Amino acid sequence: MNDIQNEFISTVSHELRTPLTSIRGFSQTLLNSWDKIDDESKKKFIGIIEEQSNRLINLVENILAVSKINTDKPILKPIDVNCSIEKVIQLLKQKYKSHNIEIQPNKHIPQVRLDDDKFQQVMTNLIDNACKYSEEGKNVIITTSFFDSDNVLIKVIDEGIGIRDEDKAKIFEKFIRLENHLISKTQGNGLGLYITKNLIELMNGEIEVLSNKSGTEFWLKFPFFSEEEALKCYRQS
Ligand SMILES: Nc1ncnc2c1ncn2[C@@H]1O[C@H](COP(=O)(O)OP(=O)(O)OP(=O)(O)O)[C@@H](O)[C@H]1O
Ligand SMILES: [Mg+2]
């Protein structure tokens, strides 16, 4: 086994052990001292068990996604990106009820060469981050437009805590979570952006991050499916 695999396994084991230890500890306390614990504490402990279970599920899903990056080749088809993004937004609105998540689409853009499942996974990770790293009530805007006559430009714009210049390259590495005041309140394993960047590159796309103290923008570029159709739409737009 090489060093990278060893390091991955040791990090994963650590990430698994932390929530499992907490789940076991709180369930043992509840089982052994049920009659001595007041209702409010019971509710709090069960809440922690639920939260840690969700953390495990998220970790297992992300590890599966990482392991599939090199084996699961994308199936590239013509995709209506506005429609796919809309589906992702509808799902995430249920998770982030107090954020205002909105698409500002260019309705004239032609179809894009993408694997729809993988594209939706990319958009889910980015919009999830945009909500997670901004306060409740903030806007999360997704725009679509022509980058040029061959490529679409998709922006995910948030009003969150921002990312410092020196951290911008780090966030795409495995298991990186930056220190900030929201990190302890939010769940994550630091795999989302690693998966996102890899999936984007597998679909011949590019990702860039722009950020300052008042928010962050992720810019995505992907080629249109048909060059001819794209040129026609571009000229008309
Ligand atoms: N929109 C954003 N605004 C501010 N910081 C961000 C944003 N997106 C990502 N980050 C920072 O980059 C880190 C890495 O993001 P990534 O999505 O890979 O991991 P995560 O959200 O912590 O966990 P996971 O996605 O695996 O559940 C985050 O922990 C956070 O510190
Ligand atoms: Mg994330």
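Draft legend 1. Summary view of the overall build of the protein. Of the regular secondary structure elements, the protein holds six helices and seven strands. What you see in the protein, going N to C, is helices and strands ordered as α-α-β-α-β-β-α-β-β-α-β-β-α. Once the C-alpha set of the protein is aligned to its principal axes, its extents read approximately 75 × 45 × 35 Å. Across the protein, the fraction of contacts at a sequence separation of at least 24, relative to all contacts at a separation of at least 6, is 72%. Surface summary for the protein: the accessible area is close to 13800 Å², and the carbon and sulfur share equals 50%. Across the protein, the centroid of the 31 positively charged side chains sits 3 Å from that of the 36 negatively charged ones.

Draft legend 2. Here's a closer look at the site of ligand 1. In the vicinity of ligand 1, 23 residues are found, and the nearest of them are Asn129, Tyr133, Asp158, Arg177 and Leu193. At 2.8 Å from an oxygen atom of ligand 1 is found a main-chain nitrogen or oxygen belonging to Leu193. For ligand 1, whose unbound accessible area comes to 600 Å², protein coverage reaches 98%. Put simply, the parts of the chain that give the shell around ligand 1 at least two residues each are helix H2 (39–69), helix H4 (116–132), helix H5 (192–202) and strand S7 (215–223). Here the shell around ligand 1 is built from residues that sort into 10 nonpolar, 10 polar and three charged.

Draft legend 3. How the structure looks around the packing of aromatic side chains. Counted according to the given criterion, the structure contains five aromatic pairs. An angle of 85° between the planes, with centres 6.0 Å apart, marks the rings of Phe119 and Phe222 as edge-to-face. Highlighted residues: Phe119 in helix H4 and Phe222 in strand S7, separated in sequence by 103 residues. Considered together, Phe119 and Phe222 belong to a single accessibility category, that of buried residues. In textbook terms, an aromatic cluster arises when at least three aromatic residues are bridged by ring pairs, as seen for Phe146, Phe224 and Tyr234. Its guanidinium or amino end placed over the ring of Trp34, Lys42 lies 4.1 Å from that ring's centre, counting from NZ or CZ. Over the aromatic face of Phe225 sits the side chain of Arg113, whose NZ or CZ is 4.5 Å from the ring centroid.

Thresholds applied
- Residues numbered from 1 in each chain as written.
- Chains lettered and ligands numbered in written order.
- Predicted model: local features only at pLDDT ≥ 70, side-chain atom pairs only at ≥ 80, totals over all residues.
- Heavy atoms only, no water.
- Helix = DSSP H or I, 4+ residues; strand = E, 2+ residues; numbered from the N terminus.
- Contact = heavy atoms within 4.5 Å.
- Areas by Shrake-Rupley, 256 points an atom, 1.4 Å probe, with all protein chains shown as cover.
- Lys, Arg positive; Asp, Glu negative; His and termini not counted.
- Charge placed at Lys NZ, Arg CZ, Asp CG, Glu CD.
- Near = heavy atom within 4 Å.
- Polar contact = N/O pair within 3.5 Å; in protein donor to acceptor, adjacent residues only side chain to side chain.
- Nonpolar A, V, L, I, M, F, W, Y, C, P; charged D, E, K, R; others polar.
- Phe/Tyr/Trp six-rings, centres within 6.5 Å; stacked < 30°, edge-to-face > 60°.
- Buried < 20%, exposed > 50% of the residue type's maximum accessible area, 1.4 Å probe, protein only.
- Lys NZ or Arg CZ within 6 Å of the ring centre and 35° of its normal.

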